[in-house]
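Take a look at the letters that make up each chain.
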Amino acid sequence: MAEQNKDLFSKLGIDIDDNKINIDINQTKDFFNTLKQTFETAARNIQKDISEGKVDMSENVGIKIDKENINIDLEKTKNFIEDFGKKIESFISEIDKSVDEIGKK
């Protein structure tokens, strides 16, 4: 098993050894709670930065909002969504690979 997978399994509370799988449910739960908190914190920080004007949504996402208008550059928005989708697909792919590795053991 690759060292990277062993590290991930260790963080998840999964130990695979001698054709046995041991899962520490508390450690697995803690890992996913930490992951959830990390995503929530990142989302709050992004929202705060956008509301404070630290992120130029018109440049990055193609959306500009002022008191009277909402302007959407569909090409920039499309590109942003496609890039974001690719990142999500990559993340899910890594989870799938880890699950497959567990299934093979």
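Quick notes on the rules
- Residues numbered from 1 in each chain as written.
- Predicted model: local features only at pLDDT ≥ 70, side-chain atom pairs only at ≥ 80, totals over all residues.
- Heavy atoms only, no water.
- Salt bridge = Lys/Arg side-chain N within 4 Å of Asp/Glu carboxyl O.
- Helix = DSSP H or I, 4+ residues; strand = E, 2+ residues; numbered from the N terminus.
- Buried < 20%, exposed > 50% of the residue type's maximum accessible area, 1.4 Å probe, protein only.
- Contact = heavy atoms within 4.5 Å.
- Polar contact = N/O pair within 3.5 Å; in protein donor to acceptor, adjacent residues only side chain to side chain.
- Pairing = 2+ DSSP bridges.
- Patch = residues over 30% accessible without salt bridge, like charges linked within 9 Å, V, L, I, M, F, W, Y side chains within 5 Å.
- Areas by Shrake-Rupley, 256 points an atom, 1.4 Å probe, with all protein chains shown as cover.

Asker: Describe the pattern of salt bridges, and please don't skip the residues or the numbers.
Answerer: Once their charged atoms are close, side chains differing in charge can pair, the charge on each being opposite to the other. Following the criterion strictly, the structure yields two salt bridges and no others. Here lysine 36 ties to glutamate 40 by a salt bridge, and the two come within 3.9 Å at their closest N and O atoms. Residue lysine 36 and its partner glutamate 40 are located together in helix α2 (residues 25–51), separated by four residues, close to a single helical turn. A relative accessible area of 47% places lysine 36 in the partly exposed class. Owing to a relative accessible area of 36%, glutamate 40 belongs among the partly exposed residues under this scheme.

Asker: Explain the side chain of threonine 77 to me, and be specific about the residues and the numbers.
Answerer: Position of threonine 77 among the secondary structure elements: in helix α4 (residues 74–104). Judged by relative accessible area, threonine 77 falls into the buried class, the value being 14%. Non-local contacts of threonine 77, meaning those with residues more than four positions away in its chain, are made with Val61, Gly62, Ile63 and Ile72.

Asker: Talk me through the side chain of threonine 28; I want residue IDs and the actual numbers.
Answerer: Assignment of secondary structure puts threonine 28 in helix α2. On the basis of relative accessibility, which here comes to 17%, the residue threonine 28 falls in the buried class. At 2.3 Å, the side chain of threonine 28 and the backbone oxygen of leucine 12 are in polar contact.

Asker: Could you give me a rundown of the environment of leucine 8, with the residues and numbers involved?
Answerer: Tracing the backbone shows leucine 8 in helix α1 (residues 3–12). Expressed as a C-alpha distance, the spacing of leucine 8 and isoleucine 95, which sit 87 residues apart in the sequence, is 9.9 Å. In contact with leucine 8, other than residues within four places in its own chain, are Phe31 and Ser98.

Asker: Got a sec to walk through the pairing of strand β2 (residues 20–23)? Specific residues and values, please.
Answerer: The side chains of a regular strand alternate, first on one face of the sheet and then on the other. Here strand β1 (residues 14–17) pairs with β2 via four bridges, running antiparallel. Looking at the pairing, isoleucine 16 lines up with isoleucine 21 of β2. Between β1 and β2, which follow one another and run antiparallel, lie two residues, and aspartate 18 among them has a positive phi close to 50 degrees.

Asker: For a nonpolar patch on the surface, give the residues involved together with the corresponding values.
Answerer: A grouping of Phe39, Phe80, Ile81, Phe84, Ile88, Phe91, Ile92, Ile95 and Val99 is seen on the molecular surface, where their side chains present a nonpolar patch of about 830 Å² in accessible area. Tallying contributions element by element places α4 first for the nonpolar patch, with eight residues. Tracing the sequence through the fold places phenylalanine 80 in helix α4. Since its relative accessible area comes to 36%, phenylalanine 80 is described here as partly exposed.

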